[in-house]
Protein chains: 2
Amino acid sequence: MTFVSRTPTLINFSVTKPIVECTTRLKTRVLSVEDIRTIAAHVGLDVLMDEMIARLTAAFSQFDPAQTVVPVRTGFNYEQPHVGLVEWMPLLQKHRQIVVKAVGYHPCNPHVHELPTVLSTLSAYDPTSGHLTALMDGTFLTALRTGAASAIASQHLAHPHSKTLGLIGVGAQAVTQLHALSRCFEIEQVLIFDRDVEVADSFAARVASLQLKGVQIRQVSVAEIVAKADILCTETSVEVEAGPVFADAEMKPWLHVNAVGADFPGKVEVPLSLLERSFVCPDFLAQAVAEGECQQLASRDATADAIGDAIGPELFEVVKQPDRYRPQQQKLSVFDSTGFALEDQVAMNMMLDYAKALEVGSWVSLESAATDVKNPYSFVVSG
Amino acid sequence: MTFVSRTPTLINFSVTKPIVECTTRLKTRVLSVEDIRTIAAHVGLDVLMDEMIARLTAAFSQFDPAQTVVPVRTGFNYEQPHVGLVEWMPLLQKHRQIVVKAVGYHPCNPHVHELPTVLSTLSAYDPTSGHLTALMDGTFLTALRTGAASAIASQHLAHPHSKTLGLIGVGAQAVTQLHALSRCFEIEQVLIFDRDVEVADSFAARVASLQLKGVQIRQVSVAEIVAKADILCTETSVEVEAGPVFADAEMKPWLHVNAVGADFPGKVEVPLSLLERSFVCPDFLAQAVAEGECQQLASRDATADAIGDAIGPELFEVVKQPDRYRPQQQKLSVFDSTGFALEDQVAMNMMLDYAKALEVGSWVSLESAATDVKNPYSFVVSG
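What you see is a predicted model, and the numbers here were worked out from it, not measured in a lab.

What to know about the sheet that holds strand β9 (residues 189–193) of chain A
Adjacent strands of a sheet form backbone hydrogen bonds with each other and so pair up, either parallel or antiparallel.
Residue and element names in this part refer to chain A.
Next up, step 1: The strand order across the open sheet built from seven strands is β10-β9-β8-β11-β12-β14-β13, with neighbouring strands paired in parallel fashion. Each having just a single partner strand, β10 (216–219) and β13 (279–282) make up the two edges of the open sheet. Neighbour-to-neighbour, the strand axes of this sheet turn through a mean angle of 20 degrees, independent of strand direction.
Next up, step 2: Direction of pairing for β9 relative to β10: parallel, over a ladder of four bridges. Its bridge partner being in β10, Leu191 is matched across the sheet by Arg218.
Next up, step 3: Across the sheet, helix α4 (residues 139–157) touches β11 (231–234), β12 (256–259), β13 and β14 (333–336), and the angle it forms with β12 is around 160 degrees.
Next up, step 4: Lying over the sheet, helix α6 (residues 197–206) contacts β8 (164–168), β9 and β10, oriented at roughly 175 degrees with respect to β10.

As for the interface of chain B and chain A
Next up, step 1: Opposite the 78 residues of chain B that make contact, chain A presents 78 residues.
Next up, step 2: Summed over both sides, the interface between chain B and chain A buries roughly 6,500 Å², with carbon and sulfur atoms accounting for 74% of that surface.
Next up, step 3: Applying the counting criterion to the chain B and chain A interface returns zero salt bridges.
Next up, step 4: There are 22 residue pairs in polar contact (both at pLDDT 80 or more) connecting chain B and chain A.
Next up, step 5: Residue composition of the side of chain B that touches chain A, grouped by class: 47 nonpolar, 25 polar and six charged.

Focus: the pairing of strand β1 (residues 28–31) of chain B
Residue and element names in this part refer to chain B.
Next up, step 1: Burial along β1 is two-sided: the face carrying Thr28 and Val30 and the face carrying Arg29 and Leu31 are both buried.
Next up, step 2: Pairing of β1 with strand β15 (residues 362–364), which is carried by three bridges, proceeds in the antiparallel orientation. Of the residues in β15, the one forming a bridge with Arg29 is Trp363.
Next up, step 3: Of the pairings in the sheet, the one linking β1 to strand β7 (residues 132–137) comprises three bridges and is parallel in character. Bridge assignment links Arg29 to a residue of β7, and that residue is Ala134.

Things to note about the pattern of salt bridges
Opposite charge on two side chains permits pairing when their charged atoms draw close.
Next up, step 1: Tallied over the full model, the rule gives 32 salt bridges over all chains.
Next up, step 2: One salt bridge connects A:Asp344 with A:Lys101, and the closest N-O pair in it is separated by 3.0 Å. Of this pair, A:Asp344 sits in helix α14 (residues 341–358) while A:Lys101 sits in strand β5 (residues 97–105); the two residues are 243 residues apart in sequence, bridging distant segments of the chain.
Next up, step 3: Overall, the relative accessible area of 2% leaves A:Asp344 in the buried class.
Next up, step 4: Salt-bridge contacts for B:Glu224 lead to B:Lys228; the nearest nitrogen and oxygen are separated by 2.7 Å. With B:Glu224 and B:Lys228 both in helix α7 (residues 222–228) and four residues apart, this pair spans about one turn of that helix.
Next up, step 5: Residue classification places B:Lys228 among the partly exposed positions, given a relative accessible area of 35%.
Next up, step 6: Residues participating in the shared-partner salt-bridge network are A:Lys101, A:Arg145, A:Glu343 and A:Asp344.

Here we look at the confidence of the model for chain A
Next up, step 1: Of the residues in chain A, 90% have a pLDDT of 70 or more, and the chain-wide mean is 89.
Next up, step 2: Interface confidence for the predicted complex, given as ipTM, is 0.87, next to a pTM of 0.89.

Quick notes on helix α1 (residues 33–43) of chain A
Next up, step 1: Regarding α1(A), the residues found buried are A:Val33, A:Asp35, A:Ile36, A:Arg37, A:Ile39, A:Ala40 and A:Val43.
Next up, step 2: Downstream of α1(A) by one or two residues, A:Gly44 has phi in the positive range, about 95 degrees.

What to know about the relation of the copies chain B and chain A
Next up, step 1: The transform that puts chain B on chain A rotates by 180 degrees and translates by 0.0 Å along the axis, for an RMSD of 0.0 Å. When the rotation and shift are considered jointly, the pair of chain copies conforms to a two-fold rotation axis.
Next up, step 2: Same-surface contact between copies: 100% of interface residues of chain B are shared with the interface of chain A.

With respect to the sheet that holds strand β8 (residues 164–168) of chain B
Residues and elements named next belong to chain B.
Next up, step 1: Overall, parallel pairing links the seven strands, which are arranged β10-β9-β8-β11-β12-β14-β13 in an open sheet. Edge positions in the sheet fall to β10 (216–219) and β13 (279–282), since each has one partner strand and no second. The average angle at which neighbouring strand axes cross in this sheet is 20 degrees, direction not considered.
Next up, step 2: Direction of pairing for strand β12 (residues 256–259) relative to strand β14 (residues 333–336): parallel, over a ladder of four bridges. Residue pairing for β14: Ala259 is matched across the bridge by Asp336.
Next up, step 3: Helix α4 (residues 139–157) contacts β11 (231–234), β12, β13 and β14 of the sheet and is inclined by roughly 160 degrees relative to β12.
Next up, step 4: Running at roughly 175 degrees to β10, helix α6 (residues 197–206) makes contact with β8, β9 (189–193) and β10 of the sheet.

Focus on the side chain of B:Gln329
Next up, step 1: If you trace the backbone, B:Gln329 turns up in the loop between α13 (322–325) and β14.
Next up, step 2: At a separation of 3.1 Å, a polar atom in the side chain of B:Gln329 contacts the main-chain carbonyl oxygen of B:Gln155.

Digging into unusual backbone geometry
Next up, step 1: Cis peptide bonds are those with omega within 30 degrees of zero, and the linkage from A:Gly243 to A:Pro244 qualifies with 0 degrees.
Next up, step 2: With respect to the helices and strands, the residue A:Pro244 is situated in the loop between β11 and β12.
Next up, step 3: Following B:Gln80, the chain continues to B:Pro81 via a peptide bond in cis, the omega torsion being -5 degrees.
Next up, step 4: Tracing the sequence through the fold places B:Pro81 in the loop between β3 (74–78) and β4 (84–93).

A few points about the packing of α4(A) against helix α5 (residues 172–182) of chain A
Residue and element names in this part refer to chain A.
Next up, step 1: Here α4 crosses α5 at 45 degrees, and the two axes come no closer than 8 Å. Considering their axes alone, α4 and α5 lie oblique with respect to each other. Between α4 and α5 lies a crossing whose hand is right-handed. Touching Ala143, Leu144, Thr146, Gly147, Ala148, Ser150, Ala151 and Ser154 of α4 are Gln173, Thr176, Gln177, Ala180 and Leu181, all from α5.
Next up, step 2: For the contact of α4 with α5, the per-class residue count stands at six nonpolar, seven polar and no charged.

A short note on the environment of A:Asn77
All names here are of chain A.
Next up, step 1: Turning to its location among the elements, Asn77 is positioned in strand β3 (residues 74–78).
Next up, step 2: Separated by 280 residues in the primary sequence, Asn77 and Ala357 have C-alpha atoms spaced 39 Å apart.
Next up, step 3: Leaving out residues up to four positions away in the same chain, Asn77 has contacts with Gly84 and Leu85.

Regarding helix α14 (residues 341–358) of chain B
All names here are of chain B.
Next up, step 1: In a regular helix each residue adds 1.5 Å, so 18 residues correspond to 26 Å; α14 covers 26 Å between its end C-alpha atoms and thus fits that length.
Next up, step 2: Across the 18 residues of α14, 15 count as buried, placing the element largely inside the fold.
Next up, step 3: Glu359 sits one or two residues past α14 and shows a positive phi near 55 degrees.

Focus on the state of the cysteines
Residue and element names in this part refer to chain A.
Next up, step 1: Taken as a whole and assessed by the stated rule, the structure comprises zero disulfides over all chains.
Next up, step 2: The thiol sulfur of Cys233 is not disulfide-bonded, and the nearest other cysteine sulfur, from Cys184, lies at 11 Å.
Next up, step 3: On the basis of relative accessibility, which here comes to 0%, the residue Cys233 falls in the buried class.

Reading the values: the criteria
Residues numbered from 1 in each chain as written. Chains lettered and ligands numbered in written order. Predicted model: local features only at pLDDT ≥ 70, side-chain atom pairs only at ≥ 80, totals over all residues. Heavy atoms only, no water. Pairing = 2+ DSSP bridges. Helix = DSSP H or I, 4+ residues; strand = E, 2+ residues; numbered from the N terminus. Axes fitted to C-alpha atoms, helices over the stretch in contact; angles between N-to-C directions. Contact = heavy atoms within 4.5 Å. Buried area = accessible area lost by both parts, 1.4 Å probe. Salt bridge = Lys/Arg side-chain N within 4 Å of Asp/Glu carboxyl O. Polar contact = N/O pair within 3.5 Å; in protein donor to acceptor, adjacent residues only side chain to side chain. Nonpolar A, V, L, I, M, F, W, Y, C, P; charged D, E, K, R; others polar. Buried < 20%, exposed > 50% of the residue type's maximum accessible area, 1.4 Å probe, protein only. pLDDT = per-residue confidence, 0-100. Least-squares fit on C-alpha atoms with pLDDT ≥ 70 in both. Parallel < 35°, antiparallel > 145°, perpendicular 65-115°, else oblique. Left-handed = near helix turned anticlockwise from the far one by under 90°. Expected span 1.5 Å × (residues − 1). Disulfide = S-S within 2.5 Å.

Right, dumping it as structure tokens:
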């Protein structure tokens, strides 16, 4: 395969520059689906992914939990009329920005509404005023940043000469997993499995537009994937209590797993015995022990100290100290990816920077500012 | 004063009709500030308030806590760079609608940014798909619904021939308190006090556009307000631990208080001794005991049973059984108003109905729907 660039073109690259703008005009920058399509088409998916990986790496290395507060997501989940949930993933970067991702997850959407399973929007607020500064789609960016997070984890924890990528579950998330990893590793072989034969059969066509030269995609058994992969991504929709999705069998001594699918209490993909002898790195510990692979380690070990021993540092800590964790590249490791609001913030700000540079998007007045702040009717009467 | 209509013109009046629409097109109905101004100007503030009161009364009388889930609000609050908070008030009406109000409260906004203290937006989601169906300003509607809630509480708990209204604190909230109460009672006299003389002096001018014929507005002492009022509204920005804002002194035996200001732990407006001998009706018990007047009763009584004895039913229960609670109109009563997401849902749906009837607002594509739901890039590539 051709050598892939690791030095993307960065537009307005700065993770520390103030995001707040336009407060006095009290308008909200809205990026429609068409605006995001325009940006993605203009920039190109490869550059967009490279930029996402570079920005997210920088954000992890600068991440300070004392300055950026990330509560565990909350929301509504229900069984009727269809199984579903709508949740909010908030983040406060003190003095600078609040980002909230609203995520709807409704597995019946394709059948019932001809809509995607995940629908999502991202909102940004100015914490100096409460002003809603920006609003945009979150679905596309979630796929992008989830791929980027796995790529970063793999850059730090997988064997640097990884050539064989295994994918168990090749739905929507697998597309950006492959794309992101192909930007950071010289992947020669992709071994795939999906219990839905149609999904497995369509995968090669779905990633054809990525033009991954020299990459061979083959459907094989789960056991063969586990035996041959240097890097393994699990992104299944395995049912609660039905996991893991592969057996703990023969594997390379440096196998790195990106476990992407677990995102709900009781849903897991990785065998506990493998977790127990691997270096386990969650994206966001508090959430991973609630709904990620780390559930298995947390429920086994009763005390917080014991959990701390069984679960390694969060990804941002690994990124901050690459030399310290480099020996893990030769050993078993698992990245427990449940989704971290910092990733959404970075993705959103990247799109806002592109929107600004490309003059894409529109400004909408969404918040009423009464001309007399002591009279809520003044904006109607004197407007 | 002229007799006020109690039978407003209702446009598309129905609190049970499905709200969900336009899911398949996956567009979001956005009402800009200009759209809300257009609706308010076209409908008129009196009809808008009458409609809000009528719809909210109907919503309270139909409210079923098993069908409509209202969690206590959560969010971020901080001291730097200015004191402020951004919170989310969510509501799930099962099968039908999720409404989330984002509220920013930044008391320094007028000085620092020339912006209102409160900035707010309302979002509605379809719980069958997760689709964001609508988005609009929440600031104006919050003022409107807060006035309407006090009017409904007063219709049920205040003396039906109330003629003297007292207002302690006459900032923004006082405008809609007076407006809403003037739609339900033949108010002859409004006695006002504000510790900020400029605010007190400007009140008459601020409510002039309401054209309240025959209503006399007079600045008097707090003691005189308490002594003479049939209905008393407190809507101050008293500091935490600095309340109450009036003394428990001579008052009419049927005084009804709408306590609107308390919305933060430690912030209270009503003397505990008055609460103890009054019928206390919160809008939303779980929140009232955390940040309303009910804090005082909850902290005094250690057990949940004792709290239940000291605090009366929530407003929706009173509205459901008007005859049962009518005797309270002759006695002391306090409505503890901290803000209830049901009120926001009703206000939002009212505006959506007006927007539809008047063909106001715009449709925006905010959520990406990949043409191939298994390929997050398909909307870019094939779009």
